[in-house]
Amino acid sequence: MHPLILETGLRIAGAILTGLVVANFVAAKRWNYADNLAGVPVIVRQVFYVHCAYIIAIIASLALLCLGWPGLLLEGGMARVLCYFFAVFWVSRVIVQLSYYDRETRRRDRGWDLFFLGVFLALGTVFALAAFFQ
């Protein structure tokens, strides 16, 4: 596969990842994290928010890498390993959504459910192609 196509795919993935960063803040408001966590022990609430912050930071960093320096993900052994890792990471996110998330909530928000399945499949595919065709 032509490197320019792979680089473009990674830049598109970067834009999608940027959207996921924003979506995390929308989700916090939509599912009312603050009120829903009010009754849990303080440490549980703190761990939850710290985990959210670190996940957002990782996704934002990957978005920045894909948008600013996609070539770094297309050259060398470490780049290939990272791309395979992120391919597995995003495909596993599809599996989690299909097998673990509440089915009633997924049915109720079918449009969003399908949208995010598509997003995670697209990310998994882009990173798999980048890893495989280096």
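Look a little higher up for the structure.
Residues numbered from 1 in each chain as written. Predicted model: local features only at pLDDT ≥ 70, side-chain atom pairs only at ≥ 80, totals over all residues. Heavy atoms only, no water.

A. Summary view of the side chain of glutamine 97. By secondary structure assignment, the location of glutamine 97 is in helix 4 (residues 77-99). In this view, glutamine 97 contacts Arg106, Asp113, Phe116, Leu117 and Phe120; residues no more than four positions away in its chain are not counted. (Helix = DSSP H or I, 4+ residues; strand = E, 2+ residues; numbered from the N terminus. Contact = heavy atoms within 4.5 Å.)

B. Broad picture of the pattern of salt bridges. Taken as a whole, this structure holds five salt bridges when the rule is applied. Here arginine 107 makes a salt bridge to glutamate 104, at a shortest N to O gap of 3.6 Å. Here glutamate 104 and arginine 107 lie together in helix 5 (residues 103-108), a separation of three residues that amounts to about one turn. Judged by its relative accessible area of 41%, glutamate 104 falls in the partly exposed class. For the salt bridge of arginine 106 with aspartate 113, the shortest nitrogen-to-oxygen distance reads 2.8 Å. Summarising the burial analysis for this pair, arginine 106 and aspartate 113 share the class buried. Through salt bridges that share partners, Arg106, Arg110 and Asp113 make up one connected network. (Salt bridge = Lys/Arg side-chain N within 4 Å of Asp/Glu carboxyl O. Buried < 20%, exposed > 50% of the residue type's maximum accessible area, 1.4 Å probe, protein only.)

C. Spatial organisation of helix 4. With 23 residues, helix 4 should reach 33 Å at 1.5 Å per residue; the first-to-last C-alpha distance of 33 Å fits that figure. Residues of helix 4 that are buried: Ala79, Cys83, Phe86, Ala87, Trp90, Val94 and Gln97. Its buried side turned inward, helix 4 meets helix 1 (3-30), helix 3 (42-68), helix 5 and helix 6 (110-132). (Expected span 1.5 Å × (residues − 1).)

D. Main features of unusual backbone geometry. Look at asparagine 32: it is not a glycine, yet its phi comes out positive at around 50°. Tracing the backbone shows asparagine 32 in the loop between helix 1 and helix 2 (33-37).

E. Up close: the state of the cysteines. On inspection of all chains with the given rule, the structure shows zero disulfides. No disulfide involves cysteine 66; its sulfur sits 7.7 Å from the nearest other cysteine sulfur, which is in cysteine 83. (Disulfide = S-S within 2.5 Å.)

F. Focus on the packing of helix 4 against helix 6. Here helix 4 crosses helix 6 at 160°, and the two axes come no closer than 7 Å. With respect to helix 6, the axis of helix 4 lies roughly antiparallel. Crossing of helix 4 against helix 6: the hand is left-handed. Counting all contacts with helix 4, which are made through Arg80, Cys83, Tyr84, Phe86, Ala87, Trp90, Val91, Arg93, Val94, Gln97 and Leu98, the residues of helix 6 involved are Asp113, Phe116, Leu117, Phe120, Leu121, Leu123, Gly124, Phe127, Ala128, Ala130, Ala131 and Phe132. Of the residues contributing to the contact of helix 4 with helix 6, the split by class is 18 nonpolar, two polar and three charged. (Axes fitted to C-alpha atoms, helices over the stretch in contact; angles between N-to-C directions. Parallel < 35°, antiparallel > 145°, perpendicular 65-115°, else oblique. Left-handed = near helix turned anticlockwise from the far one by under 90°. Nonpolar A, V, L, I, M, F, W, Y, C, P; charged D, E, K, R; others polar.)

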